[in-house]
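# A look at the structure
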Amino acid sequence: DAGITQSPRYKITETGRQVTLMCHQTWSHSYMFWYRQDLGHGLRLIYYSAAADITDKGEVPDGYVVSRSKTENFPLTLESATRSQTSVYFCASRAGSVGNQPQHFGDGTRLSIL
Amino acid sequence: GQNIDQPTEMTATEGAIVQINCTYQTSGFNGLFWYQQHAGEAPTFLSYNVLDGLEEKGRFSSFLSRSKGYSYLLLKELQMKDSASYLCAVSPNSGGGKLIFGQGTELSVKP
């Protein structure tokens, strides 16, 4: 089915471990985004990408790494997980950079770091 | 930079009308989006405004005043299923397709 999918939906890991969250979209949207959502902070942008091999930092990039070798995939890696990275992570995609084209969100990954 | 403010919580009665306000300060502006997010789910797109005025979509309407840095989302004929968080997001003209989100307004609809 067309859309944007995230995996895994739930993940529990330990501090210091590396963990990768996957995001895949089938619309061939140029723009993709990673957000984290925490109580009291709303959605905060971690990294975004305008096209394959082009990525940029958002508001809260520290501790995260992204790559975009293919247009449809935008994985997010926590290189050495910390408890402060426990959060709900949302991936989104958008066809263009301006105008009325909204961002479309995946269902989220709920990540707990013990 | 950008600063977006929304009320944290609101309560309204089934069948009533509720207005959720959003004020923003931004160095550049390419439009404003409203999203709905039910608990445990992803945000979903509701509306977009770039010009001053009211955009109507069924029970939901959104208003924008660019000169005042102000928007509101109007929900009519409230239903229990409208209980959700409503997120205001500004599209800055710094590029990259980014959206800057407010913290969201948690709306509770009571019978």
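Notes on the structure follow.

### Quick look at the overall build of chain A
The secondary structure content of chain A amounts to zero helices and 11 strands. Reading the helices (α) and strands (β) of chain A from amino to carboxyl end gives β-β-β-β-β-β-β-β-β-β-β. In summary, chain A has a C-alpha radius of gyration of 13 Å against a globular reference of 13 Å for 114 residues, a match within 12%. A burial count over chain A gives 48% of its 114 residues as buried. By sequence separation, contacts in chain A at least 24 residues apart represent 55% of the contacts at least 6 residues apart. One finds the centroid of the 11 positive side-chain charges in chain A at a distance of 4 Å from the centroid of its 10 negative side-chain charges.

### Points about the nonpolar core
Formed by 21 residues in total, the largest nonpolar core has its most connected members in B:Leu32, B:Trp34, B:Leu75, B:Tyr86 and B:Leu107. In this structure B:Leu107 touches B:Met10, B:Ala12, B:Val18, B:Leu75, B:Leu78, B:Asp82, B:Ser83, B:Ala84 and B:Tyr86, once residues within four positions along its chain are discounted.

### What to know about the pairing of strand E9 (residues 87-94) of chain A
All names here are of chain A. Burial analysis of E9 places eight of its eight residues in the buried class, which makes it a mostly covered element. The alternating pattern of E9 places Ser87, Tyr89, Cys91 and Ser93 and Val88, Phe90, Ala92 and Arg94 on opposite faces, both of which are buried. Two strands pair when backbone bridges link them, and strand E4 (residues 31-38) and E9 are joined in this way by seven bridges, in the antiparallel orientation. For Phe33, the partnering residue across the bridge sits in E9 and is Ala92. Pairing between E9 and strand E10 (residues 104-105): two bridges, direction antiparallel.

### What to know about the sheet that holds strand E7 (residues 64-66) of chain A
All names here are of chain A. Ordered by their spatial adjacency, four strands build an open sheet running E1-E3-E8-E7, and the pairing between neighbours is antiparallel. Each end of this open sheet is capped by a strand with a single partner; those strands are strand E1 (4-7) and E7. Going from strand to strand, the sheet's axes swing by 15° on average, the running direction of each strand aside.

### Describing the interface of chain B and chain A
Facing 19 residues of chain B, the contacting portion of chain A comprises 24 residues. Each partner contributes to the roughly 1600 Å² buried at the junction of chain B and chain A, and carbon and sulfur atoms together form 59% of this total. Summed over the shared surface of chain B and chain A, the number is zero salt bridges. Linking chain B with chain A are five residue pairs in polar contact (both at pLDDT 80 or more), by the criterion used here. Counting residues per element, the ones that place at least two in the side of chain B that touches chain A are strand E4 (32-37) and strand E5 (44-49) of chain B. Tallying contributions element by element places E4(B) first for the side of chain B that touches chain A, with three residues. Classifying every residue of the side of chain B that touches chain A by side-chain character gives nine nonpolar, eight polar and two charged.

Cut-offs applied
- Residues numbered from 1 in each chain as written.
- Chains lettered and ligands numbered in written order.
- Predicted model: local features only at pLDDT ≥ 70, side-chain atom pairs only at ≥ 80, totals over all residues.
- Heavy atoms only, no water.
- Helix = DSSP H or I, 4+ residues; strand = E, 2+ residues; numbered from the N terminus.
- Rg over C-alpha atoms; globule rule 2.2 N^0.38 Å.
- Buried < 20%, exposed > 50% of the residue type's maximum accessible area, 1.4 Å probe, protein only.
- Contact = heavy atoms within 4.5 Å.
- Lys, Arg positive; Asp, Glu negative; His and termini not counted.
- Charge placed at Lys NZ, Arg CZ, Asp CG, Glu CD.
- Core = buried A, V, L, I, M, F, W, Y, C linked by side-chain atoms within 4.5 Å.
- Pairing = 2+ DSSP bridges.
- Axes fitted to C-alpha atoms, helices over the stretch in contact; angles between N-to-C directions.
- Buried area = accessible area lost by both parts, 1.4 Å probe.
- Salt bridge = Lys/Arg side-chain N within 4 Å of Asp/Glu carboxyl O.
- Polar contact = N/O pair within 3.5 Å; in protein donor to acceptor, adjacent residues only side chain to side chain.
- Nonpolar A, V, L, I, M, F, W, Y, C, P; charged D, E, K, R; others polar.

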